[in-house]
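So you can see what is in the structure, the chains are spelled out below.
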Amino acid sequence: MAAYHTVFTSGIHTEDHLCSLQPYQIENDVSQETPEVLIDEADIEARVQELAAQISSDYEQGGEVVLIGVLKGSFIFLADLSRKLSIPRVIEFIAVSSYGSGSRSSGAVRLVMDVRGSIVGKHVLIVEDIVDTGHTLKYLIGMLESHGPASVKTCALVRKAERAEVDVDVDYLGFDIPDKWVVGYGLDYAEQHRTLPYIGIISPDD
Ligand code: PRP
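Residues numbered from 1 in each chain as written. Predicted model: local features only at pLDDT ≥ 70, side-chain atom pairs only at ≥ 80, totals over all residues. Heavy atoms only, no water.

**Quick word on the environment of arginine 163**
Item 1. With respect to the secondary-structure elements, arginine 163 resides in the loop between strand E8 (151-159) and strand E9 (172-176).
Item 2. Under the relative-accessibility criterion, arginine 163 is labelled buried at 15%.
Item 3. Taking the C-alpha atoms as reference, arginine 163 lies 9.0 Å from proline 178; in sequence the two are 15 residues apart. (Helix = DSSP H or I, 4+ residues; strand = E, 2+ residues; numbered from the N terminus. Buried < 20%, exposed > 50% of the residue type's maximum accessible area, 1.4 Å probe, protein only.)

Spelled out as structure tokens, the structure:
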């Protein structure tokens, strides 16, 4: 029998400046489940180091890079990646909301929080935890390119290639992963498990 667990999620609406708390129901209390390790802490650290070395090399002649972390999932990846870079960098965050049925996005993406500083003439690197359908990254590339940066490139820790619905370039990719629900290292299920040091698999539909 499925155990039902009530979770509250905040909804922020830039159009009408409303904030609300919306309860929703999920099956199974996944906070009690121990995720199966998919990518362990050491492998993540080694890959993040490799990505940082590649990015540092590629941007060496380009001056400062603006790292834009996509909230919330990228916060740990961005923190680790940015500290391993050897090039001048500044940190920005952006937040988007994708609509879906709790665990699946619908493809519609909405900007919830924009970057604070101007990116005109700057080299921008979007930092994502995961590329799933690709809709979020595609939206962000288009939106940021319209603000006149010198360049826009993308970096993601993991990608589910099987789930791709749109073509989107990931210039710096950590790992291709199977189509399983993954948590940890910033990734969540219903806000659970974000601070796990590894990336693990859970089965919320069991
Ligand atoms: C996740 C992830 C990406 C997006 C990718 O965010 O952080 O931003 O989904 O999905 P897509 O490729 O299908 O567009 P989520 O909406 O789960 O929010 P969160 O980062 O706050 O957990």
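After that view of the structure, there is still more to cover.
**Some thoughts on the site of the ligand**
Item 1. Around the ligand sit 16 residues, and of these Glu128, Asp129, Thr133, Gly134 and Thr136 come closest.
Item 2. One of the side-chain nitrogen or oxygen atoms of aspartate 129 is found 2.6 Å away from an oxygen atom of the ligand.
Item 3. Here aspartate 188 contributes a side-chain N or O atom positioned 3.0 Å from an oxygen atom of the ligand.
Item 4. Taking 500 Å² as the accessible area of the ligand by itself, protein coverage stands at 82%.
Item 5. Of all the secondary-structure elements, those providing two or more residues to the shell around the ligand are strand E7 (123-131) and helix H3 (135-145).
Item 6. Among the elements that line the shell around the ligand, the one with the most residues is E7, at four residues.
Item 7. Looking at side-chain class alone, the shell around the ligand contains three nonpolar, seven polar and six charged residues. (Near = heavy atom within 4 Å. Polar contact = N/O pair within 3.5 Å; in protein donor to acceptor, adjacent residues only side chain to side chain. Areas by Shrake-Rupley, 256 points an atom, 1.4 Å probe, with all protein chains shown as cover. Nonpolar A, V, L, I, M, F, W, Y, C, P; charged D, E, K, R; others polar.)

**What about the packing of aromatic side chains?**
Item 1. Tallied over the entire structure, the rule returns one aromatic pair.
Item 2. With centroids separated by 5.3 Å and ring planes inclined at 90°, the aromatic side chains of tryptophan 181 and tyrosine 189 adopt a geometry described as edge-to-face.
Item 3. Taking relative accessible area as the criterion, tryptophan 181 reaches 19% and is therefore assigned buried.
Item 4. Overall, the relative accessible area of 7% leaves tyrosine 189 in the buried class. (Phe/Tyr/Trp six-rings, centres within 6.5 Å; stacked < 30°, edge-to-face > 60°.)

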